[in-house]
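Spelled out from the first residue to the last, the chains are:
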Amino acid sequence: MFRGVWPRVSILWILSTVLFFAKVEDVDSYSCHEVKTAFQMRQIGPLKWVPEVPGTDVDLLVCKHQGPSCCTRKMEDSYQAAVRRETLQNIHSYSSELKYLISGHAIAFQDTFQYLLSFSQGHLSSLLESSFPSLSRRALPHVNRLFSTLSLFLRGGDVDVEASVHRFYDDLFPLVYTRLVNPGSASEGTVDRLDCLRMTRQDIDPFGPHPAALALELGRALGAGRALALALEEGVEVVNATEHVGLSRECARGLVKMQYCSHCRGLTLIKPCVGYCLNVLRGCLASVAELDQPWRRYMAVLEDLTHAIAGQHSLELALLGVRDQVNEAILHAQLNGSLITTTVGKVCGPSVEKTTSSTHQTGPGDTITSSTVTSSSSSSSSSSSPSSSFPPTSTPPSLPPPEQLMGQLTNFRREFLVYIKRYKSVFGTLPEMLCEGEMVVDDFNCWSGDGVVESYTGRVVGKGLQAQKQNPEVKVRSPNPVLAEVKKKLEGFTQEIQERMPGLGERETWGDLGSGEIEEGSGDCDDEDGCQGSGDHADRTAHTEVSSDGRPRASDPARASPGVKAPPVVRVRGDAALPAWLHLGLLLACLALPWSL
């Protein structure tokens, strides 16, 4: 009995299965319910624009095809607005973390710079208070002005560090001469004589080689710190520009065709082919890809700048050495006091001696408490500091040893470089990142823009504007003017930094500046682009993670770092997908097996 019933049941089952697969290919058998659901879930536009059943003779501009369609012209317009919005949001999701990384470390570096300046200022004030109390109170305004100027320089202000250091010694010389070298002179209150001492300090040379040495050392160290701060600001501007890049009309049409034209046929779950997606997005982001090489050079300079300020503790040593340099300069003036007095008499005229009782109110043995220094420093800074954003630092009762400050910038450098290296090719691999994941498929059936295919057979072009001449999916008519200006500015900034500091960004480890030049020159479809591999190379790429330039990806110590997105790996399969008819045949064979038994 069961043997008679079972064949009939099996035949009905087989026929139902065949009809089900036939319906997948026949949109006439469907309503537009799934299209309306996807339209609503993606918040593309009003649901009233989606028809209930597929229509014929629909006047479409992008999603044209033979047969009924679930799309209308208003839906097409909404799809174009949606793909622009979604693509820019996806770009922002990848670039926002890079921008946060750069801007966050820019703040961290600046905070460390200001802390080192504050400590160095307090360190010098402590020296004057403890070793030269007779001039410390009057010297503090000049100390405040010097460090306020250095702070302004590190924040990008138009300041000459060497001139500021020499001006500090010019202002210091009248105090050292009238209170330490020749404390019995009555010329302290003579404005003309004080001006003469100030203006002729470099000719008299009371401090020996120490002013020039300090000016040179601070100029070099702070110059690298300033360049790093400006470079980080430049990086943020570049990322901001790419986040707000405009998508051309041709790009929007290509994106609609890739993402939503399948919906018009009722295929709301089909995914684009890998090669097809790369063609569309490489066409849309061709101007962004032009930033790849300038960005790599910029990143090389950025890495070397962090080494310059922190690799050998140069900035920390320079700032912590201000105290010793000033101390040696004053001691040099005291040791050569008689010669300096003779020279001053010839240059500025002889001084009139006064009695000891009428000399300065604060003699060499006077002491000044730290609270006095604080109030004096605050009042003088408000009147003489060129930048009120850098408050004067009071002398702490007990200063920590300088060794405790060493290595702070090195720690920031280590952390910064671990993350930043992973973004050196971000603009060249952005299409791969956007195509990665749920957006595309690289096995069995996928969407080619015109229909469902087993694999994309079009030519996958390279990156950049030059390669887009052969792009079969998106026509790139001209470069984006905003990004072209950003590229020009980035190249000019990098060149200016390298001219000021020769050798930056020229190390061998950054020699791989190519971002698809070989790919663009040949125009061949390679494994990285999602084409079928051949021979041994295909076998290797089937098991190896490859970077955007086609090289095996080395192990990265930051790979497991939380919160940092690495450029996704494009995995290439060397075997072809099984045809759809073979899947159907296997299914029918399995269903017919009980009948044969």
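Residues numbered from 1 in each chain as written. Predicted model: local features only at pLDDT ≥ 70, side-chain atom pairs only at ≥ 80, totals over all residues. Heavy atoms only, no water.

### Structural notes on the side chain of Arg226
This is how it is decided: Working definition: helices are DSSP H or I runs of at least four residues, strands are E runs of at least two. Numbering for both runs from the N terminus. When a residue's accessible area, from a 1.4 Å probe over protein chains only, is under 20% of the maximum for its type it is buried; when over 50% it is exposed; and in between it is partly exposed. Counting rule applied: Lys, Arg positive; Asp, Glu negative; His and chain ends not counted. For this analysis, a salt bridge means a side-chain nitrogen from Lys or Arg found within 4 Å of a carboxyl oxygen belonging to Asp or Glu. Between two residues, a contact is recorded if the distance between any of their heavy atoms is within 4.5 Å.
Relative to the elements of secondary structure, Arg226 occurs in helix H8 (residues 210-243). As a buried residue without a salt bridge, Arg226 has its nearest oppositely charged side chain in Asp158, at a separation of 5.8 Å. Discounting chain neighbours no more than four positions away, the residues touching Arg226 are Phe153, Leu154, Gly156 and Gly157.

### A few points about empty space enclosed by the protein
Definition in use: Using a grid of 1 Å spacing that covers the protein atoms alone, one calls a set of points a cavity when a 1.4 Å probe fits there but cannot get out, and a pocket when the set is open and has protein on both sides within 12 Å along at least five of seven lines; lining residues are those with an atom within 4 Å of a point. Grid points are joined across faces, edges and corners, and a volume is the space filled by probe spheres set on the points. In this classification, the charged set is Asp, Glu, Lys and Arg, the nonpolar set is Ala, Val, Leu, Ile, Met, Phe, Trp, Tyr, Cys and Pro, and all remaining amino acids, among them Gly, are polar.
If you walk through the whole model with that rule in mind, you get five cavities of 30 Å³ or more. For the largest cavity, the calculated volume is near 60 Å³. Ile91, Tyr94, Ser95, Leu98, Val239, Thr242, Val426, Phe427 and Leu430 together form the lining of the largest cavity. Looking at the lining of the largest cavity, the elements with two or more residues in it are helix H3 (73-131) and H8. Looking at the lining of the largest cavity element by element, the count peaks at four residues for H3. Residues belonging to the lining of the largest cavity are distributed by class as follows: seven nonpolar, two polar and no charged.

### Digging into the confidence of the model for the protein
Going by this rule: The quantity known as pLDDT measures the predictor's confidence residue by residue, on a range of 0 to 100.
Mean pLDDT over the protein: 74, with 67% of residues reaching 70 or higher. Least confident of the elements in the protein is helix H16 (residues 370-384), whose mean pLDDT is 33; most confident is helix H14 (residues 322-335), at 94. Overall, residues 354-400 carries pLDDT values under 50, and its contacts beyond four positions in sequence, including any with other chains, amount to 70 contacts. Here residues 589-597 is modelled with pLDDT under 50, and outside its nearest four sequence neighbours on either side it reaches 11 contacts, counting other chains as well.

### Brief notes about the packing of aromatic side chains
We count it as follows: Side-chain rings of Phe, Tyr and Trp, where Trp is taken by its six-membered ring, are said to pair if the distance between their centres is within 6.5 Å; with planes under 30 degrees apart they count as stacked, over 60 as edge-to-face, and otherwise as tilted.
Under the definition given, this model contains 11 aromatic pairs. With a centroid separation of 6.0 Å and 55° between ring planes, the pair formed by Phe173 and Tyr177 is classed as tilted. Here Phe173 pairs with Tyr177, and both are found in helix H5 (residues 161-181), just four residues apart, close to one helical turn. Clustering of aromatic rings is evident, with ring pairs tying together Phe168, Tyr169, Phe173, Tyr177 and Phe207.

### Section: H14
Since the α-helix turns once every 3.6 residues, residues separated by three or four places project in the same direction. Selection rule: Take the number of residues in a helix, subtract one, and multiply by 1.5 Å to get its expected span.
Between the first and last C-alpha of H14 there are 20 Å, a value that for 14 residues agrees with the 20 Å anticipated at 1.5 Å per step. Residues of H14 that are buried make contact with H3, helix H4 (133-154), H5, H8, helix H13 (314-320) and helix H15 (337-348).

### A few points about the pattern of salt bridges
Inspection of the entire model under this criterion finds 16 salt bridges. Asp450 serves as the salt-bridge partner of Lys257, at 3.4 Å between the closest nitrogen and oxygen. Taken together, the positions of Lys257 in helix H9 (residues 249-259) and Asp450 in the loop between strand S1 (446-447) and strand S2 (452-453) put the pair 193 residues apart, joining distant regions of the chain. Overall, the relative accessible area of 55% leaves Asp450 in the exposed class. For Arg500, the salt bridge goes to Glu496, with nearest N and O atoms at 2.9 Å. Of the two residues, Arg500 and Glu496 both sit in helix H19 (residues 481-500), four residues apart, roughly one turn of that helix. Classification of Arg500 by relative accessible area gives exposed; the value is 58%. For Glu496, a relative accessible area of 37% translates into the label partly exposed. Shared partners join several salt bridges into a network, and the residues in it are Arg145, Asp171, Asp195 and Arg198.

### Notes on the environment of Arg220
For Arg220, the position within the fold is in helix H8. On the basis of relative accessible area, Arg220 is assigned to the exposed category, the value being 61%. As for Arg220 and Ile309, which are separated by 89 residues in sequence, their C-alpha atoms are 9.5 Å apart.

### Some thoughts on the nonpolar core
Heads up, the rule is: Put simply, a nonpolar core is a bunch of buried Ala, Val, Leu, Ile, Met, Phe, Trp, Tyr and Cys residues held in one set by side-chain atoms that sit within 4.5 Å of each other.
Membership of the largest hydrophobic core comes to 127 residues, with the highest contact counts inside it found for Leu172, Leu218 and Trp295. Sort the elements by how many residues they give to this core and H3 lands first, with 16 residues. Those residues within four positions of Trp295 in sequence are excluded, and the remaining contacts are Leu98, Ile102, Gly235, Val238, Val239, Tyr423, Lys424, Val426, Phe427 and Leu490.

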